[in-house]
Amino acid sequence: SKQRKHQVAATASIPVAAPATASEADAIPAAAKTGWSIQIGAYPDAKQAKERLDEAKDTAKALLAKASPYTEKVSKGSTNLFRARFAGFQNEYLARRACQTLQRNQFDCIVAKN
């Protein structure tokens, strides 16, 4: 039991406000495993990707209401990028409609089948 106490202390000593660069991508939502997704960009850090997802949600509230926003970490060589995505579109038509609305509002957008 001494060892367990030590682990708790070690965990508690980790600062809550970890630097943004240390933040990892989200867990991929179940919605991303079926149906359709859209991607609105890839950014050098997760914080930027999340901010862009929030902006997109504000821009296309009705079309993205049921979509699941998430970031996905991808590595290209020594560079990490965080894809900003929405999953959970039941069909290609709904995904394309969301993309068209976002593109009219200066967002990049691509549609992908999961």
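See the structure shown above.
Each value, and the rule that gives it
- Residues numbered from 1 in each chain as written.
- Predicted model: local features only at pLDDT ≥ 70, side-chain atom pairs only at ≥ 80, totals over all residues.
- Heavy atoms only, no water.
- Helix = DSSP H or I, 4+ residues; strand = E, 2+ residues; numbered from the N terminus.
- Buried < 20%, exposed > 50% of the residue type's maximum accessible area, 1.4 Å probe, protein only.
- Contact = heavy atoms within 4.5 Å.
- Areas by Shrake-Rupley, 256 points an atom, 1.4 Å probe, with all protein chains shown as cover.
- Expected span 1.5 Å × (residues − 1).
- Arc of directions from axis to C-beta.
- Pairing = 2+ DSSP bridges.

Visitor: Looking at this model, I keep getting lost on the overall build of the protein. Mind explaining?
Guide: What the protein contains, in helices and strands, is four helices and four strands. Out of the 114 residues in the protein, the part that is buried amounts to 29%. Relative to all contacts within the protein whose residues are 6 or more apart in sequence, the contacts with residues 24 or more apart total 69%. Entry remark: accessible area of the protein is about 7600 Å², with carbon and sulfur atoms responsible for 53%.

Visitor: I would appreciate a short explanation of the environment of Ala 49 in the present structure.
Guide: Within the secondary structure, Ala 49 sits in helix 2 (residues 46-59). C-alpha separation for the pair Ala 49 and Thr 71, spaced 22 residues apart in sequence, amounts to 6.6 Å. The residues contacting Ala 49, other than those within four sequence positions of it, are Tyr 43, Thr 71, Phe 82 and Ala 84.

Visitor: Help me understand helix 2, please; the structure alone is not making it clear to me.
Guide: The α-helix advances 3.6 residues per turn, and as a result positions three or four apart in sequence lie on the same side. Under the 1.5 Å per step criterion, the end-to-end length of helix 2 is 20 Å for 14 residues, consistent within 8% with the ideal 20 Å. Of the residues making up helix 2, those classed as buried are Ala 46, Ala 49, Leu 53 and Ala 56. For helix 2, the angular spread of buried residues about the axis comes to 80°, placing them on one side.

Visitor: Looking at this model, I keep getting lost on the pairing of strand 1 (residues 36-43). Mind explaining?
Guide: The side chains of a regular strand alternate, first on one face of the sheet and then on the other. Along strand 1, seven of the eight residues are buried, which leaves the element largely enclosed by surrounding structure. Relative to strand 3 (residues 79-89), strand 1 runs antiparallel, the two being bridged by seven bridges. Bridge pairing in strand 3 links Ala 42 to Arg 83. In terms of strand pairing, strand 1 meets strand 4 (residues 110-113) through four bridges, oriented antiparallel. Of the residues in strand 4, the one forming a bridge with Ser 37 is Ala 112.

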